[in-house]
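Observations on the three-dimensional arrangement
Residue-level listing of the chains:
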Amino acid sequence: MHGSNQSGVSEFLLLGISESPEQQRILFWMFLSMYLVTVVGSVLIILAISFDPRLHTPMYFFLANLSFTDLFFVTNTIPKMLVSLQSQNKAISYAGCLTQLYFLVSLVALDNLILATMAYDRYVAICRPLHYTTAMSPGLCILLLILCWALSVLYGLFLTLFMTKVTFCGSRKIHYIFCEMYVLLRLACSNTQVNHTVLIATGSFIFLAPLGFMIMSYVCIVRAILRIPSASSKYKAFSTCASHLAVVSLFYGTLCMVYLQPLQSYSMKDSVATVMYAVVTPMMNPFIYSLRNKDMHGALGRLLLGKAFQRLT
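The model shown is predicted, which means the values in this text are computed figures rather than measured ones.

Calculation notes
Residues numbered from 1 in each chain as written. Predicted model: local features only at pLDDT ≥ 70, side-chain atom pairs only at ≥ 80, totals over all residues. Heavy atoms only, no water. Helix = DSSP H or I, 4+ residues; strand = E, 2+ residues; numbered from the N terminus. Expected span 1.5 Å × (residues − 1). Buried < 20%, exposed > 50% of the residue type's maximum accessible area, 1.4 Å probe, protein only. Contact = heavy atoms within 4.5 Å. UniProt positions renumbered as here; feature names shortened; annotations may be inferred. Pairing = 2+ DSSP bridges. Axes fitted to C-alpha atoms, helices over the stretch in contact; angles between N-to-C directions. Disulfide = S-S within 2.5 Å. Parallel < 35°, antiparallel > 145°, perpendicular 65-115°, else oblique. Nonpolar A, V, L, I, M, F, W, Y, C, P; charged D, E, K, R; others polar. 1 Å grid on protein atoms, 1.4 Å probe; cavity = no way out; pocket = protein on both sides within 12 Å on 5 of 7 lines; lining within 4 Å. Points joined across faces, edges and corners; volume = space filled by probe spheres on them. Core = buried A, V, L, I, M, F, W, Y, C linked by side-chain atoms within 4.5 Å.

We now examine helix α5 (residues 138-163). Spanning 26 residues, α5 covers 38 Å between terminal C-alpha atoms, matching the ideal 38 Å at 1.5 Å per step. Along α5, the residues that are buried comprise C141, L144, L145, C148, S152, Y155, G156, L159, T160 and M163. The secondary structure elements touched by the buried residues of α5 are α2 (58-86), α3 (94-127), α6 (181-187) and α7 (193-226).

Right under this line is the structure:
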């Protein structure tokens, strides 16, 4: 990737959401706290699942990979954001900006595809329980994960290569906290209609198709749960899906607010929505998936307290 684009721009300035020194200090400590919480939470979930044989199931296999994606995702954006908020050097090179953009796009897509795979896992577990062991074999789980990674990498590469064709000849100031697709397109002085059309078309495939699949999966899941005669069994079946539904709602709610709209209408409120899916959602995922999950409670207790936890239980 070249150090500058065809218009000669070699760097951008990440000015952040606010240029007020007082507000920047508040934002710095807020984002640092959120980053540390996300890192600790994601690492704990990955370690708990890795070291507890009880959690070596398809659902927790995909949850560990979702936590790894969240960890990678926030590390791609927040450290540079913290440097820009704390120091006077707010510059990011053209190549660095596109690199950050590539990982941002790829990891958001990967998050989305893993969530769709987890919905399929819940569908098989509840609607086809007798076939679960064969339908969600370790080999198939690994194959599904490889497919998720491959599609995400290609999607990120495709959009980033399209961005290299955009000409920047005006302002280099990004009034934002990281290099984001819509923000860069707003700075372009060349025609970005093709980029926007490609963004909508590919986004509809990589995001709306999995969303449609998840909706159909949960329609079948709800129907299957309603046919269960026991109220306690219904509650148990639904509780295995509640965390996934909460994460999907948070993820897609903030994502749709940002990207399913014309480029010209992009504003500061959409910057706040982007912070939601880029920072808040990864931070909330460990809490959502472990809050009411007894298996995760036990695994985390054994990981952190060891034999002391076993004596307590």
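Under the feature "transmembrane region" (unreviewed entry), the UniProt entry names residues 26-51, 57-79, 91-115, 135-162, 200-226, 238-260 and 272-291. Along residues 91-115 the backbone is 88% helical and 12% strand, and the end-to-end C-alpha distance reaches 35 Å. Strand forms 0% of residues 135-162 and helix 93%; the C-alpha atoms that close the span are 38 Å apart.

Of note, S217 is situated in helix α7. When residues no more than four places from it in sequence are discounted, the contact partners of S217 are A119 and Y123.

Counted at 1.5 Å a residue, the expected span for α3 with its 34 residues is 50 Å, and the 49 Å between its end C-alpha atoms agrees. Counting buried residues in α3 gives 29 out of 34 residues, a clear majority hidden from the surface.

This brings us to the sheet that holds strand β3 (residues 173-174). Spatial strand order, β2-β1-β3: 3 strands in an open sheet with mixed pairing. The sheet terminates laterally at β2 (91-93) and β3, the two strands that pair on one side only. Those strands touched by α3 are β1 (11-14), β2 and β3, and its axis lies near 80 degrees from that of β2.

Right, let's talk about the state of the cysteines for a bit. Using the criterion set out here, one finds 1 disulfide in the structure. For C97, the disulfide goes to C179, at an S-S distance of 2.0 Å. With the S-S bond torsion at -125 degrees, the cross-link from C97 to C179 turns out left-handed. Here C97, found in helix α3, pairs with C179, found in the loop between β3 and α6; they are 82 residues apart in sequence, far enough to count as distant. Owing to a relative accessible area of 0%, C97 belongs among the buried residues under this scheme.

The next subject is the packing of helix α1 (residues 21-51) against helix α10 (residues 294-305). Between α1 and α10, the shortest axis-to-axis distance is 9 Å and the interhelical angle comes to 90 degrees. Taken together, α1 and α10 sit at an angle that is classed as roughly perpendicular. On the side of α1, the interface is formed by L44, I45, L47, A48, I49 and F51, while α10 contributes M296, A299, L300, L303 and L304. Across the contact of α1 with α10, the residue classes break down as 11 nonpolar, no polar and no charged.

Here we take up the layout of surface pockets. Its boundaries defined by the atoms lining it, the second largest pocket holds a volume of some 250 Å³. Around the second largest pocket, the lining comprises 13 residues; the ones closest to its centre are L113, A116, T117, L147 and C148. Mapped by element, the contributors of at least two residues to the lining of the second largest pocket are α3, α5 and α7. Counting residues per element, the lining of the second largest pocket draws most heavily on α7, at 5 residues. When grouped by side-chain class, the residues that make up the lining of the second largest pocket number 12 nonpolar, 1 polar and no charged.

We now examine the nonpolar core. In this structure, F31 and I174 are the most contacted members of the largest nonpolar core, which totals 95 residues. Broken down by element, the residue count for this core peaks at 20 residues, all from α3. With residues near it in sequence (within four places) discarded, I174 still touches F12, L13, L14, L15, G16, C97, C179, V183, L184 and L187.

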